[in-house]
Amino acid sequence: MGKTRSCMMAAAAFMAMGASAQGVGQYNNYNAEEHPHGAVFPVVAAPDIPQSVVFAGDTVSFDRTDMYERLDRELTSIVYGHSTTQLCLKRANRYFPILAPILKENGVPLDMLYLAVTESTLDPTIKSPAAAVGLWQFLASTGRMYGLEINDDVDERCDPVKATVAACKFLKSVHAHYGNWATACASYNAGMGRINGELSRQGQDTSFDLQLVSETSRYVFRIIAYKLLMENPKRYGYCLRADQLYQPVDYKVVEVKTSVASWIDWAKQQGITYAQLREANPWIRSNRLPNASGKTYKVNVPVGDSLYLSKKQAKAYDPGWVVK
């Protein structure tokens, strides 16, 4: 009862953000009988846009009209894209504990977590129309350039750990070139060649001041919008309990140095299903592993108790994500 009340209070606070007290009062006094042919809708509040946001250590101002409106578009879209945004929050509870330490270890700002959210909605097997794959949406050519194995049987773009290490290498290289994380993010979307060319042609220093195709022009603002919402979801009306977040899974790691004729049989020998094996190891892309080179693969095998909600305590990566 207490959690439900807290959620209702948070939702009410959000509605009040974008509507005047007079407007909310007018809605509460709405008489449906006076408008028999009109529907009665809940108050739809416009999310507040901050004057500035610290993004990856740099202060980004939204005082300029175009900057304000570009962030407003993305934040409004994310706030009211309820199903996708809720899924991102739930998945973040599973994947941020994996991704964040790798970013820290490689000296990459934690705000790049929201780049992964923007790229893939934290689905490690998602594939774009342009054939980009995984949490960080690498094309095959770029993935191989940064050390990922990609073939019919293995696709390490889908490995949360290895793909994040590769993303760190890429992001650090483009940041070293631009000296600005926002522009580095823009190049993640459009490519360094495009961003370099437009900076030179238009005589600007950062991607914020460039005329770009819509997707790239919106891209960094969408990342910042996800940061704002995911750092304080209750402010925007998102009320979740810890047990509704997707929990991390505990694994034992089995090293495989030989070929595997059948992952189905291998999974049974480990006491799990083939489906559970593929869920825990999204980099496995077929039923076999030829492994002619004798490479060592680390295979996650879910530990029994972690597969059942009743046998583990629900935890939130960020306590601010959940109602108490």
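1. What about the packing of helix 4 (residues 82–105) against helix 10 (residues 214–231)?
Interaxial distance between helix 4 and helix 10 falls to 11 Å at its minimum, and their mutual angle equals 75°. Judged on the interaxial angle alone, helix 10 and helix 4 are roughly perpendicular. For the pair helix 4 and helix 10, contact is made by T84, T85, C88, L89, A92 and F96 and by Y226, L229 and M230, respectively. Classifying every residue of the contact of helix 4 with helix 10 gives 7 nonpolar, 2 polar and no charged.

2. Examining the pattern of salt bridges
Here the structure, examined in full by the defined rule, presents 15 salt bridges. Across the pair D66 and R70 runs a salt bridge, and its minimum N-O distance is 3.6 Å. Here D66 pairs with R70, and both are found in helix 3 (residues 65–79), just 4 residues apart, close to one helical turn. Under the relative-accessibility criterion, D66 is labelled partly exposed at 30%.

3. Concerning the environment of L245
Examined against the element boundaries, L245 turns out to sit in the loop between helix 10 and strand 3 (251–256). Placed 159 residues apart in sequence, L245 and Q86 show a C-alpha to C-alpha distance of 9.3 Å. Apart from the residues lying within four places of it in its own chain, the contact partners of L245 are L89, K90, N93, L240, K315, A316, W321 and V322.

4. Things to note about empty space enclosed by the protein
One pass over the full model with this rule turns up 1 cavity of 30 Å³ or more. Within this model, the largest cavity holds a volume of roughly 40 Å³. If you trace the largest cavity, you find it lined by R70, A186, S207, F208, L212, T216, S217, V220 and F221. In terms of residues, the lining of the largest cavity owes the most to one element, helix 10, which gives 4 residues.

5. Some words on the environment of Q137
Within the secondary structure, Q137 is located in the loop between helix 5 (113–120) and helix 6 (140–145). Distance in space between the C-alpha atoms of Q137 and C158 is 8.9 Å, their sequence separation being 21 residues. In this structure Q137 touches E119, S120, I126, S128 and A132, once residues within four positions along its chain are discounted. At 3.2 Å, the side chain of Q137 forms a polar contact with the backbone oxygen of I126.

6. So, the nonpolar core
Residues F62, F96, M112, L115, W136, Y188 and M230 are the most contacted members of the largest nonpolar core, which totals 70 residues. At the level of secondary structure, the elements contributing two or more residues to this core comprise strand 1 (52–55), helix 3, helix 4, helix 5, helix 7 (160–178), helix 8 (181–190), helix 9 (192–202) and helix 10. It is helix 10 that contributes the most residues to this core, 10 residues altogether. If we skip the residues at most four places from it in the chain, Y188 touches L115, E119, W136, F138, A167, F170, L171 and Y219. Counting residues in each nonpolar core, the second largest holds 15 residues, with W266, A267, L277 and Y297 among its members.

7. Some points on the pairing of strand 2 (residues 58–61)
Sheet analysis places strand 1 next to strand 2, joined by 4 bridges and oriented antiparallel. In the sheet register, V54 faces strand 2, and the bridge partner there is T59. The antiparallel pairing of strand 1 with strand 2 creates a hairpin that spans 2 residues between the two strands, and A56 there sits at a positive phi of about 55°.

8. Notes on unusual backbone geometry
Backbone phi values are negative for most residues with the exception of glycine, while trans is the configuration of most peptide bonds. Positive phi values are uncommon outside glycine, yet A56 reaches one of about 55°. Tracing the backbone through its elements, the reader meets A56 in the loop between strand 1 and strand 2. Residue classification places A56 among the buried residues on the basis of a relative accessible area of 12%.

9. Some points on the confidence of the model for the chain
In this model, the chain carries a mean pLDDT of 91, and residues with pLDDT of at least 70 account for 87%. Within the model, pLDDT remains below 50 along residues 16–28, and this stretch shows 13 contacts once partners closer than five positions in the same chain are excluded.

Criteria and cut-off values
- Residues numbered from 1 in each chain as written.
- Predicted model: local features only at pLDDT ≥ 70, side-chain atom pairs only at ≥ 80, totals over all residues.
- Heavy atoms only, no water.
- Axes fitted to C-alpha atoms, helices over the stretch in contact; angles between N-to-C directions.
- Helix = DSSP H or I, 4+ residues; strand = E, 2+ residues; numbered from the N terminus.
- Parallel < 35°, antiparallel > 145°, perpendicular 65-115°, else oblique.
- Contact = heavy atoms within 4.5 Å.
- Nonpolar A, V, L, I, M, F, W, Y, C, P; charged D, E, K, R; others polar.
- Salt bridge = Lys/Arg side-chain N within 4 Å of Asp/Glu carboxyl O.
- Buried < 20%, exposed > 50% of the residue type's maximum accessible area, 1.4 Å probe, protein only.
- 1 Å grid on protein atoms, 1.4 Å probe; cavity = no way out; pocket = protein on both sides within 12 Å on 5 of 7 lines; lining within 4 Å.
- Points joined across faces, edges and corners; volume = space filled by probe spheres on them.
- Polar contact = N/O pair within 3.5 Å; in protein donor to acceptor, adjacent residues only side chain to side chain.
- Core = buried A, V, L, I, M, F, W, Y, C linked by side-chain atoms within 4.5 Å.
- Pairing = 2+ DSSP bridges.
- pLDDT = per-residue confidence, 0-100.

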